[in-house]
Amino acid sequence: MKFLLLFFSFVFTGKGIAQCEIKNRVQADGSMIYYFEPAVFYTTKSKSLKINIVTDKENYFVALQPTPFPEKKVGKKIKDDLIIHLADNKTYNLAHYDTQYRRNDSIMQVLYLIDNKDLYAFSNYEAITAEINMEGTEFVRSYNFKLHKDAIIEQLKCFLKKEEN
């Protein structure tokens, strides 16, 4: 009986820790960023969208990895805000922060700043839809999320919990 109790406590503790597996990377300017592996929010044969939360411990960003993405010359022109709809039936505009090409330009990542006043909503309501002006590919891409709708909530809660400690 004690063995079973010990076994289940390890299983549930391990699962809780695995959900908050925060990674970090040093930027070219020497600053440290913290992030999670991107979660697939939308996928079809022609396009997909991965999303994760990135922070410098001062600001929080939604990082989008759309596929397909425009070539670097065109992609750097993406400057419009991200429009995201949450399950609270409200629309949020996230300011464009940066467009990056990584891993020898095989991944495009666009960072959008979450306003501090919106952190509560993003850490409590699922993402429903995102609208992105993908300069150079089409006017506005709209993604109705089907997968991992709560990934933003879970990732933000991990970061916010870590800050409290």
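Residues numbered from 1 in each chain as written. Predicted model: local features only at pLDDT ≥ 70, side-chain atom pairs only at ≥ 80, totals over all residues. Heavy atoms only, no water.

Peer 1: Would you mind going over the nonpolar core with me for this structure?
Peer 2: A general feature of soluble globular proteins is that nonpolar side chains tend to end up buried together. Counting residues in each nonpolar core, the largest one holds 34 residues, and the members touching the most others are Ile84, Leu94, Ile114, Phe122, Phe145 and Ile152. With five residues, helix H4 (residues 151-164) is the single largest residue contributor to this core. Setting aside anything within four residues of it in sequence, one finds Ile114 in contact with Ile53, Tyr60, Phe61, Val62, Leu94, Leu119, Phe122 and Leu156. Residues Ile33, Tyr35, Phe61 and Leu111 belong to the second largest nonpolar core, which totals six residues. (Core = buried A, V, L, I, M, F, W, Y, C linked by side-chain atoms within 4.5 Å. Buried < 20%, exposed > 50% of the residue type's maximum accessible area, 1.4 Å probe, protein only. Helix = DSSP H or I, 4+ residues; strand = E, 2+ residues; numbered from the N terminus. Contact = heavy atoms within 4.5 Å.)

Peer 1: Looking at this structure, how should I read the pattern of salt bridges?
Peer 2: Considering all chains together, one arrives at three salt bridges under this definition. For Lys23, the salt bridge is made with Glu37, and the minimal N-O distance between the two is 3.0 Å. Of this pair, Lys23 sits in strand E1 (residues 23-26) while Glu37 sits in the loop between strand E2 (32-35) and strand E3 (39-43); the two residues are 14 residues apart in sequence, bridging distant segments of the chain. According to the relative accessible area criterion, Lys23 is partly exposed, its value standing at 27%. With relative accessibility at 44%, the residue Glu37 sits in the partly exposed group. Across the pair Lys72 and Asp105 runs a salt bridge, and its minimum N-O distance is 3.5 Å. Here Asp105 lies in the loop between strand E7 (91-102) and strand E8 (107-114) and Lys72 lies in helix H2 (residues 72-75), a separation of 33 residues in the sequence. Classification of Lys72 by relative accessible area gives partly exposed; the value is 39%. (Salt bridge = Lys/Arg side-chain N within 4 Å of Asp/Glu carboxyl O.)

Peer 1: Could you clarify how one ought to interpret the environment of Tyr101 in this entry?
Peer 2: Within the secondary structure, Tyr101 is located in strand E7. For Tyr101, a relative accessible area of 11% corresponds to the buried category. For the pair Tyr101 and Lys72, spaced 29 residues apart in the sequence, the C-alpha separation amounts to 7.1 Å. If we ignore the near neighbours within four places in the chain, the residues touching Tyr101 are Phe69, Pro70, Glu71, Lys72, Gly75, Lys76, Ile107 and Met108. In this structure the side chain of Tyr101 is engaged in a polar contact, spanning 2.7 Å, whose partner is the backbone oxygen of Pro70. A distance of 3.3 Å separates a polar atom in the side chain of Tyr101 from the backbone oxygen of Glu71. (Polar contact = N/O pair within 3.5 Å; in protein donor to acceptor, adjacent residues only side chain to side chain.)

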